[in-house]
Amino acid sequence: MRKISILLVTAILFSSCVSKKKYLALEQENGQIKSELTKTRVEKEDLENKFAVIEARVNQYNAKIQSLNEDVEGLTIENKAKFEVSEDGAVVSTASKEKMRETLKNVDAEKLANAKTLKDSMNLAVQYNLSKAMDTSDLNEDEDIVVDINETVVMISIADDMLFNTASYRVGNKADKILKKLADVINSEPSLDVMVEGHTDSRSISTEKIADNWDLSVLRATSVVRKLQNQFKVAPEQLIASGRSSYQPLVENDSRENRAKNRRTRIILMPNIDKFFAMMEAK
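Per chain, the residues get numbers from 1 upward, laid out in the order the sequence is written. In keeping with the model being predicted, local features are shown solely for residues with a pLDDT of at least 70 and side-chain atom pairs are shown and tallied solely at 80 or more, while totals for entire chains, interfaces and linings include all residues. As a rule here, side-chain values cover all heavy atoms of the structure and leave hydrogens and water aside.

**Q** Looking at this model, I keep getting lost on the pairing of strand E5 (residues 192-199). Mind explaining?
**A** Residues in a regular strand project their side chains so that they alternate between the two faces of the sheet. In this scheme, a residue with accessible area under 20% of its type's maximum is buried, one over 50% is exposed, and one in between is partly exposed, where area comes from a 1.4 Å probe on protein chains only. Numbering of helices and strands starts at the N terminus; helices are DSSP runs of H or I of at least 4 residues and strands are runs of E of at least 2. Counting buried residues along E5, eight of its eight residues qualify, which places the element largely inside the surrounding structure. Because side chains alternate across E5, one face comprises the buried residues Leu192, Val194, Val196 and Gly198, and the other comprises Asp193, Met195, Glu197 and His199, equally buried. For two strands to be treated as a pair, DSSP must find at least two bridges joining them. Where E5 meets strand E7 (residues 264-271), eight bridges bridge the pair, whose relative direction is antiparallel. Within E7, the residue paired with Met195 across the bridge is Ile268.

Have a look at this one:
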């Protein structure tokens, strides 16, 4: 009996001793895990801090790249907007030159071969666009209408009786057809400046409403300008009214027929080079 008791006590003590060792081992293992976890957390925080620094640098570099791209784009736009002055005095921007080259691809090769300067090329480009507008305008010449294209200027001379009654400055309804065709040309090319010139013969005039030939020539020009603006919707900023009186005759005022030739209204279509190329750049 005593032996059995001793054996039981020994077993219990041995069992307690084994449990304690396991406990200490588990506690040690737990401590190591906690240490590893703490180390991992520290490393994680360190990596996060390093990543934040790298990310900040990347954002900084991206901002610099964006700024450089904007500078390059700005310099490109600025460079294209810069005007060049050639030896012959022609002024044109880089962008306009690029557009002009595109237009010149449509110009007759023989004419293009004769363009020796930048100004010649500019004139050809403008003339091409004007001619194209004239071709699509259905504006036909007859004995009372003369159309002349001189380089970049189109001059349309309209006989007096096509627009006005004798000694009158009021535009008659019979002028509507020709003015409508003319307006089609003007409205097709907003870069044009349009000068309307009144011309009289040498016979003097003086009435209650018309002081002299200067007055008559200017009144006729302003009447045509108003008709183009109000009835045919030509932009007023494109229009110029002027009078020449009798001082630029086509022929001597020595016969009825010659005086009729000198009584005329001349429409001068003049490309505004700045507006012309500005419109080309916008297309």
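Following the structure, the description resumes.
**Q** Looking at this structure, how should I read the nonpolar core?
**A** Note that soluble globular proteins tend to have their nonpolar side chains buried in a common cluster. The term nonpolar core refers to a set of buried residues drawn from Ala, Val, Leu, Ile, Met, Phe, Trp, Tyr and Cys, joined through side-chain atoms within 4.5 Å. Residues Ile156, Leu163, Leu179, Val224, Leu228, Ile267 and Leu269 are the most contacted members of the largest nonpolar core, which totals 27 residues. Broken down by secondary-structure element, the contributors of at least two residues to this core are strand E3 (145-150), strand E4 (153-159), helix H6 (176-188), E5, helix H7 (213-230) and E7. Broken down by element, the residue count for this core peaks at six residues, all from H6. By the convention used here, residues are in contact when the closest approach between their heavy atoms is within 4.5 Å. Not counting the four nearest positions on each side in its chain, Ile267 is found in contact with Val154, Met155, Ile156, Ile158, Leu182, Val194, Met195, Val196 and Val224. Residues Leu104, Val107, Ala115 and Met122 belong to the second largest nonpolar core, which totals seven residues.

**Q** Is there a simple way to think about the packing of aromatic side chains in this case?
**A** Any aromatic ring pair is given by two values, namely how distant the centres are and how the planes are angled relative to each other. To pair, rings of Phe, Tyr and Trp, with the six-membered ring standing in for Trp, must have centres within 6.5 Å; the planes then decide the type, stacked if under 30 degrees apart, edge-to-face if over 60, and tilted in the middle. Going through the model one piece at a time under the given rule, you end up with one aromatic pair. On the numbers, 5.5 Å between centres and 35° between planes, the contact of Trp214 with Tyr247 is tilted. In this pair, Trp214 is assigned in helix H7 and Tyr247 in the loop between strand E6 (239-243) and helix H8 (256-262), connecting sequence segments 33 residues apart. Using a relative accessible area of 43% as the deciding quantity, one classes Trp214 as partly exposed. Relative accessible area serves as the criterion here: at 59%, Tyr247 is assigned to the exposed category.

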